[in-house]
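Below are the chains, spelled out letter by letter.
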Protein chains: 2
Amino acid sequence: MIKSALQAARGQYSPKLPKALRGSVKVVLGEATQSVSDQEAIKELFPNTYGLPKLTFEATTEAVEAKPINVGVILSGGQAPGGHNVISGIFDGIKAIHPDSKLYGFLMGPDGLVKHNYKELTADIIDEYRNTGGFDIIGSGRTKLEEIEQYDKGLEIIKKLSINALIIVGGDDSNTNAAVLAEYYKSIDAPVQVIGCPKTIDGDLKNEQIETSFGFDTATKVYSEVIGNIQRDCNSARKYWHFIKLMGRSASHIALECALQVQPNIAIVSEEIEAKNLTLDDVVTSIAEAVAKRSAKGDQYGTVLIPEGLVEFIPAMKALIAELNDYLAHHEAEFRAVPADEQRAYVTAHLSEANSALYASLPATVARQLTLDRDPHGNVQVSLIETEKLLAEMVATKLAAWKAEGKYNGKFAALTHFFGYEGRCAMPSNFDADYCYALGRTAACLISAGVTGYMSSVQNLTAPAEEWIAGGIPTTMMMNMERRHGAMKPVIQKALVDLNGKPFQYFVSKRAEWAENTCYVYPGPIQYFGPSELCDQPSETLKLEQSK
Amino acid sequence: MIKSALQAARGQYSPKLPKALRGSVKVVLGEATQSVSDQEAIKELFPNTYGLPKLTFEATTEAVEAKPINVGVILSGGQAPGGHNVISGIFDGIKAIHPDSKLYGFLMGPDGLVKHNYKELTADIIDEYRNTGGFDIIGSGRTKLEEIEQYDKGLEIIKKLSINALIIVGGDDSNTNAAVLAEYYKSIDAPVQVIGCPKTIDGDLKNEQIETSFGFDTATKVYSEVIGNIQRDCNSARKYWHFIKLMGRSASHIALECALQVQPNIAIVSEEIEAKNLTLDDVVTSIAEAVAKRSAKGDQYGTVLIPEGLVEFIPAMKALIAELNDYLAHHEAEFRAVPADEQRAYVTAHLSEANSALYASLPATVARQLTLDRDPHGNVQVSLIETEKLLAEMVATKLAAWKAEGKYNGKFAALTHFFGYEGRCAMPSNFDADYCYALGRTAACLISAGVTGYMSSVQNLTAPAEEWIAGGIPTTMMMNMERRHGAMKPVIQKALVDLNGKPFQYFVSKRAEWAENTCYVYPGPIQYFGPSELCDQPSETLKLEQSK
């Protein structure tokens, strides 16, 4: 691997470590815990790992008995900046506990455990990856650990390698599965602990215990860098509206955080659209109104941030898609026989009145995509919709209608962007580098403490890193029962944007001003070597959430 | 304006200045110059500004007579990182010459000169914009200064404000127009000098005298940051081919520079495609072969860099587009009467054999776009073609055919990206901040030297900034005669990628290895505060060009 100058320089960085983790550690037991809801159901499903106490680690000068620990680590799901630091934190943590400890990485996600693909991660390998982005040290994958056969297959290699603990680094689903795995291994007295680490750039694995998931900070800073650059261009050329879609299908945390960082003219928060039961036309109209208002002042330019999952949060769109799925499933052959240029009229004629009107309002490309580009099960693929283009086109159509009515007399030209892959493997910010390393060190302490079914937890994150609080949270504590594929399942509650929370409320207090005026902020690229107030800041979301 | 932490920190940065510009300056006259070709024709068109000597500035301890200078500055064309530093360099330069000097900014490009829209740029305004990206201090625009009426209109405000010199910051076209303006004002004895500054992120304003245009360094570093992030994702998930289009229609310098920085699997250089007279199918086949070769080793992922102007460099595509334009111009009504789903067959049936086959090979969306989305003059709009999607789709089709023939047995999934606006207004790298500031200071010296029809020139750019050589180049020296809109015009010769030059030759020596193996480099974001070997490096292109 040829290293860039920055990689070489970052290789020398020592993550800032919470005081509690700098030497020997003692465990402080908290109160026994309950799941966030559905306590009886969760307790029944997790008889061996339910109700455990929260743990906190504190520094101690007492001698701690130590023996070598063998650990297996899995990276599960989409990449997030800082994964390599979790791994180097685990490595340094178990080596600090005992120099004969060993770390194995299972390759390409949970599949590596099931298929026994692994490699030992030695110091020379670890040193190549400290403070770098990506999950390429062992790769990642999306195989779900949900079947007993997988668990048993995994146990074979765990026993063969004398692994004491498995650490699963993943999002809400992966950590749910880790909890189920912990319960299973405990129930059969398998001598292996299972520990989770909270990863996701989407920011939706967050609760009272997990202040933020790792990667969110870096990814949103990368997106805000390029959005800021676009805004500066927008404000220099003064002739385009930029419609910018941001990764994050299941929640709008990324779009909200970027909005707080760059102060765009408009930012859409899907959770609000759903809560207010707004239609696609409502969304389009509100953007068009903002465009018209700025235009009247002579400003024919602006920026709109759009969460990737928007369409799936619009109740009327969900209803349309449900009816489309249902209708096409029962009339596939008939539909296929309709000549191409009559298909749209055919679909419009066969939908209920409300859905028909909505379908007719969609741009031709999107209407075609919904009916033609369906998945192997025949289902409409909402994720294929280029929401940024859909909105830009519908706003243009709306403004053209207003122009014809004499209600608007501006110019509207739109450009579209989508940022996702640009941020998932960025080099972690100092915050994520420190946070991830601390999560890894904490995971090592949890193993040393002998527990299973816990997630590594580092809290007090807006304070300087030395004051961060390290501990463990029983994963069952974050669970509730939800319907998935038709059956009730215990899952970690996903954190949507809290419409009563401080980050959203701050945004609400500012957005009228941002829409009308040009209040752009240009954050620029992540800096690693400058003053602390520039290089060590947590996300705006976290700062607002923890503000008094 | 709310400043980001980085903006605030960058406000404190003092650009590194060449030794020669640190105090009083004396002018060293070089030899009289000739245009690069068509000497007689250019000389005839520029009787007053042709054949002037090159100038170099040297430090002097002699007292220099000084009087206040009034300067007007215009930002012309697309944004490029560092424009604000050119302006702060001019400001500091003319203030150093005499504290009563004044700087006026004409607003929103050359239009501001013609329409008399301007503002005085005072110290408090200048200080807000030092070392920031964007052109928003005065805005930019694309109006071309080509008519005598514009020149005369401009002269009115120049006289009214007692402006001694006009500085036009722009690309090759804007600097060509600046030279024509200089000649015109000189020919009518108007008491105003005209000086150009070489700006363009595309990198195509480059020659023996202009080592690089400003903005190229920063923009390519921003693109390389996000491409590097995508490559790290690619190498972690190991399941996608990323097709990444990069801004730069008239030359492939950006794609080549990014390739040198990130070592992708494939990078296309349009100039090579044209020189070798390759077809679209040749390009698609060579990508598909690389995909198949990696696939055979188990690597179902990779990256392809594509210059924005590719399609216009493929001789066969140019021929197709010419015939389409011609045919549709003469059969518009007939074509419009063809039913939508028969249009493609209709077009295919009416083109010459070679063009018909090429048209038939295009994906449906592109074929439709070429015939339907024409500009107001009825011309095919090549720039609308999403080349990255076109190539991804055609590679998929080719691989599917090979699979059917049993020649290929891999998986191919592609994602596409386009980066342009993300880099044009980025905060300038130290290199661009220093280079632009020096260009501005040099422009002030050229005004002080009393010359007109010159471009500000700073050379020896791979040496430390203190050793850079500042001077002026007669713009006519860079000119030749080219056919534009049917008539021969004097223009600055555009610099395409030199296929015999060191940057391209280095790429050629490496590309087979990069295609087959995974040699990605991850440059990460631009750093401003770290060690010099990290923060002050010029582009790879410049380093290779100036290497012995």
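So, here's what we can say about the structure.

Take the overall build of chain A next. Of the regular secondary structure elements, chain A holds 22 helices and 15 strands. The C-alpha radius of gyration computed for chain A amounts to 25 Å, which stays within 12% of the reference 24 Å derived for 548 residues, consistent with globular compactness. Across its three principal directions, the C-alpha atoms of chain A cover 80 × 55 × 45 Å. A total of 548 residues make up chain A; the buried ones form 59% of that total. In chain A, of all internal contacts separated by at least 6 residues, the share reaching a separation of at least 24 is 78%.

Think of a pair of aromatic rings as described by two things: how far the centres are apart, and how the planes are tilted against each other in angle. One pass over the full model with this rule turns up 26 aromatic pairs over all chains. Plain terms: the ring middles of phenylalanine 243 of chain B and phenylalanine 412 of chain B are 6.2 Å apart, the flat faces sit at 85 degrees to each other, and that makes the pair edge-to-face. In this pair, phenylalanine 243 of chain B is assigned in strand β8 (residues 241–246) and phenylalanine 412 of chain B in the loop between α18 (387–404) and β11 (414–419), connecting sequence segments 169 residues apart. For phenylalanine 412 of chain B, a relative accessible area of 21% translates into the label partly exposed. With a centroid separation of 6.1 Å and 50 degrees between ring planes, the pair formed by phenylalanine 504 of chain B and phenylalanine 507 of chain B is classed as tilted. Taken together, the positions of phenylalanine 504 of chain B and phenylalanine 507 of chain B, both in helix α21 (residues 502–516) and three residues apart, correspond to about one turn of that helix. The pair phenylalanine 504 of chain B / phenylalanine 507 of chain B is uniform in exposure class, with both members buried. Taken together, the ring pairs in this structure connect Tyr104, Phe106 and Tyr118 of chain A into an aromatic cluster.

Across the contact, 60 residues belong to chain B and 60 residues belong to chain A. Overall, the association of chain B and chain A removes approximately 4,600 Å² of surface from exposure, summing both partners, and the carbon and sulfur fraction of that is 54%. Among the residues of chain B in contact with chain A, Arg232, Tyr421 and Glu422 of chain B are the three that bury the most area, contributing 15% of the side total. Inspection of the region where chain B meets chain A yields six salt bridges. Among the salt bridges present, the one from aspartate 136 of chain B reaches arginine 232 of chain A, with a minimum N-O distance of 2.8 Å. A total of 10 residues in the side of chain B that touches chain A trace back to one element, the largest contributor, which is helix α8 (residues 216–237) of chain B. Looking at the side of chain B that touches chain A residue by residue, the classes come out as 28 nonpolar, 18 polar and 14 charged.

A few words now on a negative patch on the surface. Taken together, Glu146, Glu147, Glu149 and Asp152 of chain A make up a surface patch of like negative charges. Checked against the element boundaries, glutamate 149 of chain A lands in helix α6 (residues 148–160).

Let us now look at the pattern of salt bridges. This structure, assessed with the given rule, holds 58 salt bridges over all chains. Of the charged contacts, one joins lysine 293 of chain A and glutamate 516 of chain A as a salt bridge, the two residues approaching to 3.7 Å between their closest N and O atoms. Of this pair, lysine 293 of chain A sits in helix α11 (residues 280–296) while glutamate 516 of chain A sits in helix α20 (residues 502–516); the two residues are 223 residues apart in sequence, bridging distant segments of the chain. As a salt-bridge pair, lysine 389 of chain B and glutamate 386 of chain B come within 3.6 Å of each other at their nearest N and O atoms. Exposure remark for lysine 389 of chain B: the relative accessible area of 27% places this residue in the partly exposed category. By relative accessible area, glutamate 386 of chain B is classed as partly exposed at 30%. Here the salt bridges do not stand alone but share partners, grouping Lys144, Asp173, Glu482 and Arg484 of chain A into one network.

A few words on the sheet that holds strand β2 (residues 53–59) of chain A. All names here are of chain A. Reading across from one edge, β1-β2-β13-β12-β7-β6-β3-β4-β5 is the order of the nine strands in this open sheet, with mixed pairing throughout. The two strands at the open ends of the sheet, each matched to only one other strand, are β1 (25–32) and β5 (118–120). Taken over all neighbouring pairs, the strand axes of this sheet differ in orientation by 25 degrees on average, direction set aside. Here strand β3 (residues 70–75) runs beside strand β6 (residues 165–170); their pairing, made up of five bridges, is parallel. Within the sheet, the bridge partner assigned to valine 73 lies in β6 and is isoleucine 167.

With that out of the way, let us pick up the side chain of serine 356 of chain A. On the secondary structure map, serine 356 of chain A appears in helix α15 (residues 353–361). Of the polar contacts made by the side chain of serine 356 of chain A, one reaches the backbone oxygen of threonine 348 of chain A; its length is 2.7 Å.

Quick look at unusual backbone geometry now. Residue and element names in this part refer to chain A. The residue histidine 116 is not glycine, and still its phi comes out positive at about 65 degrees. Within the secondary structure layout, histidine 116 lies in the loop between α4 (110–114) and β5. The class of histidine 116 is partly exposed, set by a relative accessible area of 24%. Residues other than glycine seldom take positive phi values, yet serine 162 does so here, at roughly 50 degrees. Along the polypeptide, serine 162 turns up in the loop between α6 and β6.

Mapping chain B onto chain A leaves a residual RMSD of 0.0 Å; the transformation is a rotation of 180 degrees accompanied by 0.0 Å of translation along its axis. The superposition operator between the copies reduces to a two-fold rotation axis. Counting the interface residues of chain B, we find that 100% of their copies in chain A are interface residues as well, pointing to one common contact surface.

All names here are of chain A. Looking at where leucine 496 falls in the secondary structure, it is placed in the loop between β15 (487–492) and α20. The class of leucine 496 is partly exposed, set by a relative accessible area of 38%. Spatially, the C-alpha atoms of leucine 496 and alanine 32 are 27 Å apart, while their sequence positions differ by 464 residues. Setting aside residues up to four positions removed in sequence, leucine 496 forms contacts with Ser250, Ala251, His253 and Glu271.

Our next topic: the sheet that holds strand β12 (residues 454–459) of chain B. Residue and element names in this part refer to chain B. Taken together, the nine strands give an open sheet; going across it, the order is β1-β2-β13-β12-β7-β6-β3-β4-β5, and neighbouring strands pair in mixed fashion. At either margin of the open sheet sits one strand with a lone partner, and together these are β1 (25–32) and β5 (118–120). Pairwise comparison of adjacent strand axes, ignoring direction, gives a mean angle of 25 degrees for this sheet. Where strand β6 (residues 165–170) lies against strand β7 (residues 193–198), six bridges are found, and the strand directions are parallel. Of the residues in β7, the one forming a bridge with alanine 165 is glutamine 193. The sheet contacts of helix α20 (residues 430–448) involve β1, β2 (53–59), β3 (70–75), β6, β7, β12 and β13 (469–474), and relative to β12 the element is tilted by about 135 degrees.

Now for the packing of helix α9 (residues 253–262) of chain B against α21 of chain B. Residues and elements named next belong to chain B. The geometry of α9 relative to α21 is characterised by a closest axis approach of 11 Å and an angle of 55 degrees between their N-to-C directions. By the angle between their directions, the pair α9 and α21 is classed as oblique. In the packing of α9 onto α21, the handedness of the crossing is left-handed. Residues Leu256, Ala259 and Leu260 of α9 form the contact with α21, whose own contacting residues are Pro503, Phe504, Tyr506, Phe507 and Trp514. For the contact of α9 with α21, the residue count by class is eight nonpolar, no polar and no charged.

Criteria and thresholds
Residues numbered from 1 in each chain as written. Chains lettered and ligands numbered in written order. Predicted model: local features only at pLDDT ≥ 70, side-chain atom pairs only at ≥ 80, totals over all residues. Heavy atoms only, no water. Helix = DSSP H or I, 4+ residues; strand = E, 2+ residues; numbered from the N terminus. Rg over C-alpha atoms; globule rule 2.2 N^0.38 Å. Buried < 20%, exposed > 50% of the residue type's maximum accessible area, 1.4 Å probe, protein only. Contact = heavy atoms within 4.5 Å. Phe/Tyr/Trp six-rings, centres within 6.5 Å; stacked < 30°, edge-to-face > 60°. Buried area = accessible area lost by both parts, 1.4 Å probe. Salt bridge = Lys/Arg side-chain N within 4 Å of Asp/Glu carboxyl O. Nonpolar A, V, L, I, M, F, W, Y, C, P; charged D, E, K, R; others polar. Patch = residues over 30% accessible without salt bridge, like charges linked within 9 Å, V, L, I, M, F, W, Y side chains within 5 Å. Areas by Shrake-Rupley, 256 points an atom, 1.4 Å probe, with all protein chains shown as cover. Lys, Arg positive; Asp, Glu negative; His and termini not counted. Charge placed at Lys NZ, Arg CZ, Asp CG, Glu CD. Pairing = 2+ DSSP bridges. Axes fitted to C-alpha atoms, helices over the stretch in contact; angles between N-to-C directions. Polar contact = N/O pair within 3.5 Å; in protein donor to acceptor, adjacent residues only side chain to side chain. Least-squares fit on C-alpha atoms with pLDDT ≥ 70 in both. Parallel < 35°, antiparallel > 145°, perpendicular 65-115°, else oblique. Left-handed = near helix turned anticlockwise from the far one by under 90°.

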